[in-house]
Amino acid sequence: KSLSFNSKMYLFLEEKIKQMPQAEKIGLIPITIEEIALAVDLKKKFPDRVILTPYLLEELLVYYKASSRNKLKEELEAVADSLFILPKLKGYFSSNEKVIILEHPMVKNKISFEPKRQNRILYAGGLNQRTRNPQPIIEAFQEMKGIDFQLVFYSYGNCERMLKRFSENDSRIEAHGAIDATSVMQEMALASILITIGNKNTNLVPSKIFDCISTGNPILHFYYDEKDPYITYLKDYDLSLCLPIHHIDAERLKHFIQSVSQKQVSFEIIKEKFHFALPEVIFRQMNDQLEVLLQ
């Protein structure tokens, strides 16, 4: 479809800019593709009064015609004052002078010191039969011998019927559907092991990995492609195992569960190894750049 944005938001910001004293500037940090399109139009209309520093978490991909995306990308690169982007997007823009590499600001202390539920292995997030299918994982768990476990899903997407069938036929599998973000973080913190599943599109870096790291709990990651960006992050996370989703080694899986179920990474170590994803660090990087631009 054609690219559009919220006209009420545009008119609101336009009026705010007109009401500001002439010497003042406004800084805009759009994130979604619609917000970026809106901000680009404002920057073109008020080039000396708008400081435009978008924060791109992914390529300008979603839902829109290639011609619309390409035009927006060219305009954005031409008029933006700086481009905050994730490391995975390095090289996406041709202008290296404007690019500032930032991470997801998602690493926070979510460690729980309550007793862990023994071998409660939990996945939370979206699932899709075509791009993020849990069936090979469930079947690998069912093949393991000599170990008790509870495989728990708090999920949404088109796999819910399949998960329900598995749960009805195997008491070790729980399918709960979606719950609110606060509740799911509490469940993640109390699990003994967390599961993550990579995307088939290796250009996407979901922030979920940082939620998992924030709990300090062991992480079991299943990937489709060896270029999966999660693998790079998890090399620095001691309590982790990465396995190809279509060739899961049941013995390695079993050994990992048995060896890490009651372990936890301290937040001091997490802060040291993942300092680049702390909200306060991202804030300082953004603020330093904005102070320069707003002078």
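Quick note: structure is the one above.
Residues numbered from 1 in each chain as written. Predicted model: local features only at pLDDT ≥ 70, side-chain atom pairs only at ≥ 80, totals over all residues. Heavy atoms only, no water.

A. Representation of the overall build of the protein in the model. Counting secondary structure elements, the protein contains 11 helices and 11 strands. Taken along its principal axes, the extent of the C-alpha atoms in the protein is 70 × 40 × 30 Å. Evaluated residue by residue, the protein yields a buried proportion of 49% over its 295 residues. For the protein, the accessible area works out to roughly 15200 Å², and carbon and sulfur atoms hold 49% of it. Separation between the mean location of the 38 positive side-chain charges and that of the 38 negative ones in the protein comes to 3 Å. (Helix = DSSP H or I, 4+ residues; strand = E, 2+ residues; numbered from the N terminus. Buried < 20%, exposed > 50% of the residue type's maximum accessible area, 1.4 Å probe, protein only. Areas by Shrake-Rupley, 256 points an atom, 1.4 Å probe, with all protein chains shown as cover. Lys, Arg positive; Asp, Glu negative; His and termini not counted. Charge placed at Lys NZ, Arg CZ, Asp CG, Glu CD.)

B. Local environment of helix α4 (residues 135-143). Buried residues of α4: Ile137, Ile138, Ala140 and Phe141, and no others. Buried residues of α4, seen end-on, are gathered within an arc of 160 degrees and therefore sit on one face of the element. (Arc of directions from axis to C-beta.)

C. Spatial organisation of the nonpolar core. Within the largest apolar cluster, 60 residues are counted, with the highest numbers of intra-cluster contacts made by Phe141, Ile195, Leu220 and Leu253. Those residues within four positions of Ile195 in sequence are excluded, and the remaining contacts are Ile121, Leu122, Tyr123, Ile137, Phe141, Leu151, Leu220 and Phe222. Counting 28 residues, the second-largest nonpolar core is a separate cluster that includes Leu13, Leu83, Tyr92 and Phe93. (Core = buried A, V, L, I, M, F, W, Y, C linked by side-chain atoms within 4.5 Å. Contact = heavy atoms within 4.5 Å.)

D. The side chain of Ser155, seen in detail. You can see Ser155 is positioned in strand β7 (residues 150-157). On the basis of relative accessibility, which here comes to 1%, the residue Ser155 falls in the buried class. Among all residues touching Ser155, those that are not within four sequence positions of it are Gly125, Leu127, Glu160, Leu163, Gly177 and Ala178.

E. Here's a closer look at empty space enclosed by the protein. For the structure shown, the criterion picks out 2 cavities of 30 Å³ or more. The calculated volume of the largest cavity comes to roughly 40 Å³. Asp236, Tyr237, Asp238, Val265, Ile269, Ile270, Lys273 and Phe274 are the residues that line the largest cavity. A class-by-class count of the residues in the lining of the largest cavity yields 5 nonpolar, no polar and 3 charged. Computed from the structure, the second largest cavity encloses a volume of approximately 30 Å³. Around the second largest cavity, the lining residues are Gly198, Asn199, Asn201, Thr202, Leu204, Pro206, Asp228, Pro229 and Tyr230. By residue class, the composition of the lining of the second largest cavity is 4 nonpolar, 4 polar and 1 charged. (1 Å grid on protein atoms, 1.4 Å probe; cavity = no way out; pocket = protein on both sides within 12 Å on 5 of 7 lines; lining within 4 Å. Points joined across faces, edges and corners; volume = space filled by probe spheres on them. Nonpolar A, V, L, I, M, F, W, Y, C, P; charged D, E, K, R; others polar.)

F. How the structure looks around the packing of helix α2 (residues 33-45) against helix α3 (residues 66-79). Contact geometry of α2 with α3 gives a least axis separation of 10 Å together with a crossing angle of 50 degrees. With respect to their mutual orientation, α2 and α3 come out oblique. In the packing of α2 onto α3, the handedness of the crossing is left-handed. Of the residues in α3, those in contact with Ile33, Ile36, Ala37, Val40, Lys43 and Lys44 of α2 are Arg69, Leu72, Glu75, Leu76 and Val79. Class assignment of the residues belonging to the contact of α2 with α3 gives a composition of 7 nonpolar, no polar and 4 charged. (Axes fitted to C-alpha atoms, helices over the stretch in contact; angles between N-to-C directions. Parallel < 35°, antiparallel > 145°, perpendicular 65-115°, else oblique. Left-handed = near helix turned anticlockwise from the far one by under 90°.)

G. Looking closely at the pattern of salt bridges. Scanning the model with the defined rule gives 7 salt bridges in all. Across the salt bridge formed by Lys43 and Asp81, the nearest N and O atoms sit 2.9 Å from each other. Remark: Asp81 occurs in the loop between α3 and β4 (83-85) and Lys43 occurs in helix α2; sequence separation between them is 38 residues. Here Lys43 falls in the buried class, since its relative accessible area comes to 7%. In this structure, the salt-bridge partner of Lys273 is Asp238, at a minimum N-O distance of 3.3 Å. Here Lys273 is found in helix α10 (residues 267-273), whereas its partner Asp238 is found in the loop between α8 (229-234) and β11 (240-244), with 35 residues between them in sequence. Overall, the relative accessible area of 30% leaves Lys273 in the partly exposed class. Given the relative accessible area of 57%, Asp238 is considered exposed. If you follow the salt bridges from partner to partner, you end up with Arg120, Glu174 and Glu187 in one network. (Salt bridge = Lys/Arg side-chain N within 4 Å of Asp/Glu carboxyl O.)

H. Spotlight on the layout of surface pockets. Roughly 700 Å³ of volume is contained in the largest pocket. In terms of lining, the largest pocket is formed by 32 residues, of which the most central are Gly126, Arg132, Tyr156, Pro206 and Lys208. Listed by contribution, the elements that provide at least two residues to the lining of the largest pocket are β6 (120-127), β7, α6 (181-190), β9 (193-197) and α7 (208-215). Examining the composition of the lining of the largest pocket, we find that 5 residues originate from one element, β6, more than from any other. Tallied by class, residues from the lining of the largest pocket come to 17 nonpolar, 8 polar and 7 charged.

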